[in-house]
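One-letter residues, chain by chain:
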Amino acid sequence: IKDFLDNIDVLVDGKFIFKGKLETNDYRIITFEDVSGEIDLYMDNSNIKVEGDYVALDSVKVKGSPAMDYYMKFAEIAKVHNDYVKSKLSELQEAQLADDSVKVDAIFEEYLVRQKEYVRNNFDLAKTRPGDMISVFAVVNNSSFSTPDEIKAFYDIIPEDVKVDPRIGEALTQMEKICKLS
């Protein structure tokens with residue numbers, strides 16, 4: 001976070017204030033000495049409020065940032081999918097131990113359907129803000145379950161000024177390779 005901060009004020013009772021400006025939305029992390037975990041921030045130039053207990057970082061809420069709200073939509077899509085995968089893992093292991101190939105195949109087929117749904121949800125959300133760095137990463141990270149035409153359609157709606165952002169250069173290169181644009 002220090003890269004863009006004008007100053008950090010540490011107040012009493014564990015409160016602190018960051019002041020600074022970003023040229024574009026960016027992902028940052030807050031960590032604390034001797035505390036396990038971190039606070040994810042996907043920030044814009046909004047006045048944000050970070051509330052919670054630093055010893056229970058999963059209780060922390062970030063409010064006031066449209067960029068963070070957007071990031072959290074992707075996080076929720078991922079949580080729903082990851083919870084589904086976890087719920088199926090023991091069922092899959094049991095079927096494998098029982099040498100029940102019919103059940104294993106059925107679980108795998110269901111997983112493929114759910115994985116495609118997960119990818120579709122990410123793509124649909126990314127298309128709402130194609131100029132946002134997180135959208136580009138969401139599409140690239142899900143490209144293995146996408147067609148080159150889908151990747152190209154998204155690539156084509158990314159604003160030109162975003163395509164020169166060095167933070168997403170590698171992601172754009174991957175998109176170009178998939179679409180054979182380079």
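Above this text sits the structure in question.
Residues numbered from 1 in each chain as written. Predicted model: local features only at pLDDT ≥ 70, side-chain atom pairs only at ≥ 80, totals over all residues. Heavy atoms only, no water.

Explain the overall build of the protein chain to me, please; I cannot follow it from the model alone.
When you go through the protein chain residue by residue, the secondary structure sums to six helices and six strands. Put simply, the protein chain runs from its N terminus to its C terminus through helices and strands in the order β-β-β-β-β-β-α-α-α-α-α-α. Oriented by its inertia axes, the alpha-carbon framework of the protein chain measures out at about 60 × 45 × 25 Å. Residues classed as buried in the protein chain amount to 35% of the 182 residues present. Sequence-distant contacts, at least 24 apart, represent 44% of the contacts inside the protein chain between residues at least 6 apart. Surface exposure of the protein chain reaches about 11700 Å², of which carbon and sulfur atoms provide 52%. Measuring between centres, the 23 positive side-chain charges of the protein chain sit 4 Å from its 35 negative side-chain charges. (Helix = DSSP H or I, 4+ residues; strand = E, 2+ residues; numbered from the N terminus. Buried < 20%, exposed > 50% of the residue type's maximum accessible area, 1.4 Å probe, protein only. Contact = heavy atoms within 4.5 Å. Areas by Shrake-Rupley, 256 points an atom, 1.4 Å probe, with all protein chains shown as cover. Lys, Arg positive; Asp, Glu negative; His and termini not counted. Charge placed at Lys NZ, Arg CZ, Asp CG, Glu CD.)

What is the right way to look at the nonpolar core in this model?
Nonpolar side chains in soluble globular proteins generally cluster together in the buried interior. Grouped together as the largest cluster of nonpolar side chains are 38 residues, with contacts concentrated most on Val136, Ile158 and Met175. When contributions to this core are tallied by element, the ones reaching two or more residues are strand 4 (39–43), strand 6 (56–63), helix 1 (66–97), helix 2 (101–128), helix 3 (133–141), helix 4 (148–157) and helix 6 (169–179). When residues no more than four places from it in sequence are discounted, the contact partners of Met175 are Val136, Val139, Val140, Ile151, Phe154, Tyr155 and Ile158. (Core = buried A, V, L, I, M, F, W, Y, C linked by side-chain atoms within 4.5 Å.)

I tried to follow the side chain of Ser135 on my own but got confused; where do I start?
Within the secondary structure, Ser135 is located in helix 3. Overall, Ser135 belongs to the buried group, its relative accessible area being 0%. Setting aside anything within four residues of it in sequence, one finds Ser135 in contact with Tyr70, Phe74, Ala126, Arg129, Pro130 and Phe154.

When you look at unusual backbone geometry in this model, what are you seeing that I'm missing?
The phi angle of most residues is negative, glycine excepted, and most peptide bonds adopt the trans form. At Asp99, a residue that is not glycine, the phi angle is positive and equals roughly 55°. Mapped onto the fold, Asp99 is located in the loop between helix 1 and helix 2.

Teacher, can you tell me more about the packing of aromatic side chains here?
When we look at a pair of aromatic rings, we describe it by the centre distance and by the angle of the planes. Inspection of the entire model under this criterion finds four aromatic pairs. For the pair Tyr27 and Tyr71, a centre-to-centre distance of 5.8 Å together with 40° between the ring planes defines the contact as tilted. Of this pair, Tyr27 sits in strand 3 (residues 26–30) while Tyr71 sits in helix 1, and the two are 44 residues apart along the sequence. Assessed through its relative accessible area of 16%, Tyr71 is described here as buried. (Phe/Tyr/Trp six-rings, centres within 6.5 Å; stacked < 30°, edge-to-face > 60°.)

How should I be thinking about helix 3 in this particular structure?
For an α-helix, the turn length of 3.6 residues means that residues three or four places apart are oriented alike. Of all nine residues in helix 3, seven are buried; the element is thus mostly enclosed. Burial in helix 3 covers these residues: Met133, Ile134, Ser135, Val136, Ala138, Val139 and Val140. Lining the buried residues of helix 3 we find strand 3, strand 4, helix 1, helix 2, helix 4 and helix 6.

Looking at this structure, I do not really get the packing of helix 2 against helix 4. What am I missing?
Two numbers describe a pair of packed helices, the interaxial angle and the distance between the axes. Where helix 2 contacts helix 4, the axes come no closer than 11 Å and their chain directions differ by 20°. Classified by the angle between their axes, helix 2 and helix 4 sit roughly parallel to one another. Relative to helix 4, the crossing made by helix 2 is left-handed. When helix 2 is examined against helix 4, the residues Arg120, Phe123, Ala126 and Lys127 are found in contact with a partner set consisting of Glu150, Ile151, Phe154 and Ile157. (Axes fitted to C-alpha atoms, helices over the stretch in contact; angles between N-to-C directions. Parallel < 35°, antiparallel > 145°, perpendicular 65-115°, else oblique. Left-handed = near helix turned anticlockwise from the far one by under 90°.)

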